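Structural characterization, general
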Amino acid sequence: MFEMMPFEWNHTNDLLNSFADFERNFFGSAGRSFSTDIKDTGKEYVLEAELPGFKKEDIHVEVQDGVLTISAKHEEKQDEQDEKSGKYVRRERRYGSYQRSFTLDGVDPKSIQAAYENGVLKLTLPKEQPTVPETHRIEIK
């Protein structure tokens, strides 16, 4: 499936991006991305993205300029207070933002369908139908 490849901006010798590369190499990509599987069924591609713990409202899928972008934001707060004093015994917060982009070469972007169930986002990406050039005769007068 060479038509649908992950899209990543290629940068070289950019000082600001060197820091991003350092952070990515030092901390790894865990927590910054999500796993995806892409299958070619012949008439369509099926993309399955693992997004456990997300609500459907927190996931956004959009197509712009031939690029499919899946983004998800997660916010979780846990507060535990002492019942007598009202002071915090424990207070935790977690935030996360994830995004992946894919080029849509050979895909009909207007026919994409999405479903989210049990932590898995499933996108059905129908392939574009090849256009057959029409031939017609021109009458000579």
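Our subject is the structure that appears above.
What you are looking at is a predicted structure, and each value in this text was computed from that prediction instead of being measured.

**Points about the overall build of the protein chain**
Secondary structure summary: the protein chain contains one helix and seven strands in total. Seen in sequence order, the protein chain has helices and strands lined up from the N terminus as α-β-β-β-β-β-β-β. Residues classed as buried in the protein chain amount to 21% of the 141 residues present. For the protein chain, the share of sequence-separated contacts (at least 6 apart) that also reach a separation of at least 24 residues comes to 53%. Per element, the accessible surface of the protein chain, about 11600 Å² overall, is 48% carbon and sulfur.

**A few points about the layout of surface pockets**
Of the pockets and cavities examined, the second largest pocket occupies roughly 210 Å³. Surrounding the second largest pocket, 13 residues form its lining, Ser33, Pro52, Phe54, His74 and Tyr98 being those nearest its centre. Contributions of two or more residues to the lining of the second largest pocket are made by strand E4 (67-81) and strand E5 (88-103). Top contributing element to the lining of the second largest pocket by residue count: E5, with four residues. Here the residues of the lining of the second largest pocket sort into six nonpolar, four polar and three charged.

**Focus on the environment of proline 109**
One can find proline 109 in the loop between E5 and strand E6 (113-117). In this structure the C-alpha to C-alpha distance between proline 109 and valine 63, which are 46 residues apart in sequence, comes to 7.2 Å. With residues up to four places along the chain from it excluded, the contact list for proline 109 reads Val63, Leu104 and Glu128.

**Considerations on the pattern of salt bridges**
Scanning the entire structure with this criterion turns up two salt bridges. Between aspartate 40 and lysine 127 there is a salt bridge; the shortest N-O distance is 2.8 Å. With aspartate 40 in strand E1 (residues 36-40) and lysine 127 in the segment after strand E7 (120-126), this residue pair connects regions lying 87 residues apart in the sequence.

**Comments concerning empty space enclosed by the protein**
Scanning all chains against the criterion turns up one cavity of 30 Å³ or more. A volume near 30 Å³ is recorded for the largest cavity. Lining the largest cavity are Glu76, Lys77, Gln78, Glu92, Arg93 and Arg94. When residues of the lining of the largest cavity are traced back to their parent elements, those giving at least two are E4 and E5. Residues belonging to the lining of the largest cavity are distributed by class as follows: no nonpolar, one polar and five charged.

What counts and how
- Residues numbered from 1 in each chain as written.
- Predicted model: local features only at pLDDT ≥ 70, side-chain atom pairs only at ≥ 80, totals over all residues.
- Heavy atoms only, no water.
- Helix = DSSP H or I, 4+ residues; strand = E, 2+ residues; numbered from the N terminus.
- Buried < 20%, exposed > 50% of the residue type's maximum accessible area, 1.4 Å probe, protein only.
- Contact = heavy atoms within 4.5 Å.
- Areas by Shrake-Rupley, 256 points an atom, 1.4 Å probe, with all protein chains shown as cover.
- 1 Å grid on protein atoms, 1.4 Å probe; cavity = no way out; pocket = protein on both sides within 12 Å on 5 of 7 lines; lining within 4 Å.
- Points joined across faces, edges and corners; volume = space filled by probe spheres on them.
- Nonpolar A, V, L, I, M, F, W, Y, C, P; charged D, E, K, R; others polar.
- Salt bridge = Lys/Arg side-chain N within 4 Å of Asp/Glu carboxyl O.

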